[in-house]
Amino acid sequence: MNKFLARVKEFFRKLLVSLKRRPQIIPMIALAVSFLVYSLNLMNISDTTAKIQGPGMGLCGFATMLFSMLSFVCFLNAFPKRKKANVPMLVLMFVMLGVIIFCDVFYLNAITNALTRSENPIVLSKTTLYIAKANNMLNDHIVLLGISIALVALLPVYGKLLKKINTSVQVEDNGKMDAIELSGED
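Below is a summary of the structure that appears in this document. What you see is a predicted model, and the numbers here were worked out from it, not measured in a lab. (Residues numbered from 1 in each chain as written. Predicted model: local features only at pLDDT ≥ 70, side-chain atom pairs only at ≥ 80, totals over all residues. Heavy atoms only, no water.)

**Concerning empty space enclosed by the protein**
Empty pockets left among the atoms are what a rolling probe the size of a water molecule brings to light. In this structure the tally under the stated criterion is one cavity of 30 Å³ or more. For the largest cavity, the calculated volume is near 50 Å³. In this structure, the largest cavity is lined by Leu 31, Ser 34, Phe 35, Ser 68, Ser 71, Phe 72, Leu 97, Ile 100, His 141 and Leu 145. Of the residues contributing to the lining of the largest cavity, the split by class is six nonpolar, four polar and no charged. (1 Å grid on protein atoms, 1.4 Å probe; cavity = no way out; pocket = protein on both sides within 12 Å on 5 of 7 lines; lining within 4 Å. Points joined across faces, edges and corners; volume = space filled by probe spheres on them. Nonpolar A, V, L, I, M, F, W, Y, C, P; charged D, E, K, R; others polar.)

Quick look at the structure:
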């Protein structure tokens, strides 16, 4: 049991060391999760677009998918290895994330308008349950994008806090450290 706990402790120590070296991994994971939430629920978005057929809904779905991938690429280019952050790429990424949030809000408004219109409103039933799923997913996607934006913006703050954490390994002394000769002379 002690060996297992020692391995788990060492795993988390190594994980913390890697986060200290590259703290941008944290917002990158958040961006990847928000992209996966949208892309894995794309069927609900497509079915909702086909059912409602509101103006600009298909374009919003396309723009969200496109800018999600491009913002991830911009993020990867904004933080090259062993170099300072590339500020134009960060600005471009924030603009793209803003466009994604705008498209999500526009799509949510189109769903709300289709459900509450006076002529021929769409009624949610078992066959149109995907509309409610798309609505909930878009709200979750906006929250995840907000968290991702906050993590990228606060990267310098928690990057410095991570560097203050002591991750060094304590080496035990057997009491004979003075007997070790460092020079090769006899």
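**A closer look at helix H6 (residues 129-153)**
Between its first and last C-alpha, H6 extends 36 Å over 25 residues, near the 36 Å set by a 1.5 Å rise per residue. Restricting attention to buried positions, one finds in H6 the residues Tyr 130, Ile 131, Ala 134, Met 137, Leu 138, His 141, Leu 145, Ser 148 and Val 152. Close packing links the buried residues of H6 with helix H2 (25-40), helix H3 (42-52), helix H4 (57-78), helix H5 (87-116) and helix H7 (155-163). (Helix = DSSP H or I, 4+ residues; strand = E, 2+ residues; numbered from the N terminus. Expected span 1.5 Å × (residues − 1). Buried < 20%, exposed > 50% of the residue type's maximum accessible area, 1.4 Å probe, protein only. Contact = heavy atoms within 4.5 Å.)

**So, unusual backbone geometry**
With the exception of glycine, the majority of residues adopt a negative phi angle, and the majority of peptide bonds are in the trans configuration. The backbone phi angle of Gln 53 is positive, close to 55°, even though this residue is not glycine. Gln 53 sits in the exposed class, given a relative accessible area of 64%. In this structure, Asn 120 is a non-glycine residue whose phi angle is positive, near 50°. With a relative accessible area of 65%, Asn 120 lands in the exposed category.

**Quick word on the packing of H3 against H6**
Between H3 and H6, whose axes approach to 8 Å, the crossing angle comes to 120°. Taken together, H3 and H6 sit at an angle that is classed as oblique. Crossing of H3 against H6: the hand is left-handed. Along its contact with H3, which presents Asn 44, Ile 45, Asp 47, Thr 48 and Lys 51, the element H6 presents Tyr 130, Ile 131, Lys 133, Ala 134, Met 137 and Leu 138. Counted by class, the contact of H3 with H6 contains six nonpolar, two polar and three charged residues. (Axes fitted to C-alpha atoms, helices over the stretch in contact; angles between N-to-C directions. Parallel < 35°, antiparallel > 145°, perpendicular 65-115°, else oblique. Left-handed = near helix turned anticlockwise from the far one by under 90°.)

**Here's the deal with the nonpolar core**
Tyr 38, Ile 45, Ile 52, Tyr 107, Ile 111 and Leu 138 are the most contacted members of the largest nonpolar core, which totals 19 residues. When contributions to this core are tallied by element, the ones reaching two or more residues are H3, H4, H5 and H6. Ile 45 has contacts with Tyr 38, Tyr 107, Ala 134, Met 137 and Leu 138, leaving out every residue within four places of it along the chain. (Core = buried A, V, L, I, M, F, W, Y, C linked by side-chain atoms within 4.5 Å.)

**Section: the state of the cysteines**
Tallied over the entire structure, the rule returns zero disulfides. Cys 103 provides the cysteine sulfur closest to Cys 74, a residue in no disulfide bond, and the two sulfurs are 16 Å apart. Assessed through its relative accessible area of 6%, Cys 74 is described here as buried. (Disulfide = S-S within 2.5 Å.)

**A closer look at H2**
Across its 16 residues, H2 extends 22 Å between first and last C-alpha, which sits within 8% of the 22 Å expected from 1.5 Å per residue. Of all the positions in H2, only Pro 27, Ala 30, Leu 31, Ser 34, Tyr 38 and Ser 39 are classed as buried. Angular distribution of buried residues about the axis of H2 spans 160°; they occupy a single face of the element. (Arc of directions from axis to C-beta.)

Any functional reading would require information beyond the geometric quantities listed.
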